[in-house]
Amino acid sequence: MRKALALPAVALAAAAFPLLTMSPALADHNGSYQADLSALNQSGVTGTGMVTLNEDSATVVIEASGLLAGAPHAQHFHIGAEGTCPTDAEDGDGDGFLSTTEGAPFYGAIGTSLTTGGDTSPDSGLAVDRFPTADDGTVTYERTFDITEDVQEAFAGGTAVLVLHGVDEDGSGTYDGDVKSDLDPSLPMEATAPAACGALEMAQMGTTPVGGAETGGGSTTGTEQQAAIGIGALALTGAAAAGALAYRRRQAADRA
Ligand SMILES: [Cu+2]
C-alpha cells in the first residue's frame with residue numbers, strides 16, 4: 001500500500017524535470033534600455049538613445065546634437081560583438097578615420113537600421129533617404145517597429161550598441177574628402193564613419209526576476225535568471241532523489 005503511493009510520487013518528479021530543462025528560456029529581453037552617446041571621429045556629438053522592448057516590439061527614441069546640419073545620418077543597432085564602443089585610436093589603416101569596419105570588433109555588425117520609414121533590416125543600412133536629417137545639427141527620432149530575434153537576443157545578452165554615422169571631419173559643411181567609405185566606395189568616408197556610439201544597457205527591470213529577492217542588486221541579467229532556473233531544476237532533482245531514497249527505505253522496512 002505504501003509502495004503504491006510512493007512510486008507515482010517519484011515518477012511525477014522525474015516527469016516534471018524534463019519539462020523544466022526543455023524550457024531553459026530565451027533570456028528575457030523585455031524592458032527599457034539606455035545608451036549615452038559618446039563622440040567618435042572627434043564629431044562633438046552628444047545624445048541619448050532610449051529603447052523599450054516588449055517581445056518583438058521596439059520603441060526607439062534618439063536625441064542627439066552636434067551633428068553635421070542638413071545631412072542625413074545613418075543610425076543602427078549594431079549587434080553580436082563585445083557590446084562596447086571603440087575609440088578613435090582604432091584607426092587601424094591610419095587614414096585619419098575610425099571607419100565603421102574598424103569599429104566592428106567592438107560593436108559588431110548592423111542588426112537593425114533605424115530608418116524613419118519602411119524596412120529596418122541591415123539591407124537598409126545605407127538607405128540615406130530614410131534616415132533622419134539633422135536640420136540644425138540636432139536629431140530627434142522616435143519610431144516603434146518589430147525587431148528580429150537575433151536583435152532581441154543581443155539586448156538580452158548585453159551586446160546591442162547604438163551607432164550614429166556621418167561626420168564632417170574636415171569642417172567643410174558637407175560630406176566630402178578624398179578618403180572613400182569602407183562600406184560604399186562611391187561615398188566619401190565622412191558620410192558613413194561613426195559619429196557617436198553608446199552601449200545599450202538595461203535601465204530598469206522589465207519583469208520580476210526569478211528568485212529576484214535574493215540577488216540583492218538592482219539589476220538582474222538573463223544569466224542570473226538562467227542560473228536561478230538551474231537551481232530550481234537541481235532542487236527538483238534532489239526531491240526526486242529523496243523520493244527514491246524514501247521508497248527504498250520503505251522497501252527495506254517492509255522486508256524487515
Ligand atoms: Cu551603424
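Below is a short write-up of the structure. (Residues numbered from 1 in each chain as written. Predicted model: local features only at pLDDT ≥ 70, side-chain atom pairs only at ≥ 80, totals over all residues.)

1. Notes on the overall build of the chain
Counting its secondary structure elements, the chain contains 5 helices and 9 strands. When the elements of the chain are put in sequence order from the N terminus, they spell out α-β-β-β-β-α-β-β-α-β-α-β-β-α. Counting only residues that meet the buried cut, the chain has 33% of its 256 residues in that class. Taking as baseline every contact in the chain between residues at least 6 positions apart, the subset at least 24 positions apart corresponds to 71%. (Helix = DSSP H or I, 4+ residues; strand = E, 2+ residues; numbered from the N terminus. Buried ≥ 20, exposed ≤ 12 C-beta atoms within 10 Å, placed from the backbone. Contact = placed C-beta atoms within 7 Å.)

2. As for the environment of serine 99
Take serine 99: it is sitting in the loop between strand S4 (75–79) and helix H2 (100–107). The exposure class assigned to serine 99 is buried, which follows from the 22 C-beta atoms found within 10 Å. Considered as a pair, serine 99 and serine 181 are 82 residues apart in the sequence and their alpha carbons are 7.8 Å apart. Not counting chain neighbours up to four residues away, the residues in contact with serine 99 comprise Asp182, Met189 and Ala193.

3. So, the nonpolar core
Grouped together as the largest cluster of nonpolar side chains are 44 residues, with contacts concentrated most on Val161 and Leu200. Counting only elements with at least two residues in this core, the list comes to strand S1 (31–39), strand S2 (46–54), strand S3 (57–65), S4, helix H3 (149–157), strand S7 (161–165), helix H4 (189–192) and strand S8 (194–199). When sequence neighbours within four positions are dropped, the list of residues in contact with valine 161 reads His78, Gly83, Cys85, Tyr107, Gly108, Cys197, Gly198, Ala199 and Leu200. (Core = buried A, V, L, I, M, F, W, Y, C linked by C-beta atoms within 7 Å.)

4. With respect to unusual backbone geometry
With a phi close to 50 degrees, glutamine 42 is a non-glycine residue in the positive phi region. Considering the arrangement of structural elements, one finds glutamine 42 in the loop between S1 and S2.

5. Quick notes on the pairing of S3
Alternating positions in S3 separate cleanly, Ala58, Val60, Ile62 and Ala64 being buried on one face and Ser57, Thr59, Val61, Glu63 and Ser65 remaining unburied on the opposite face. Both S2 and S3 contribute to a ladder of 9 bridges, which runs antiparallel. What sits directly across from glycine 47, in S3, is alanine 64. Here S2 folds back onto S3, and the loop between the two strands holds 2 residues, one of which, glutamate 55, carries a positive phi near 55 degrees. Here S3 runs beside strand S6 (residues 138–146); their pairing, made up of 9 bridges, is antiparallel. When the sheet's bridge partners are listed, valine 61 is paired in S6 with glutamate 142. (Pairing = 2+ DSSP bridges.)

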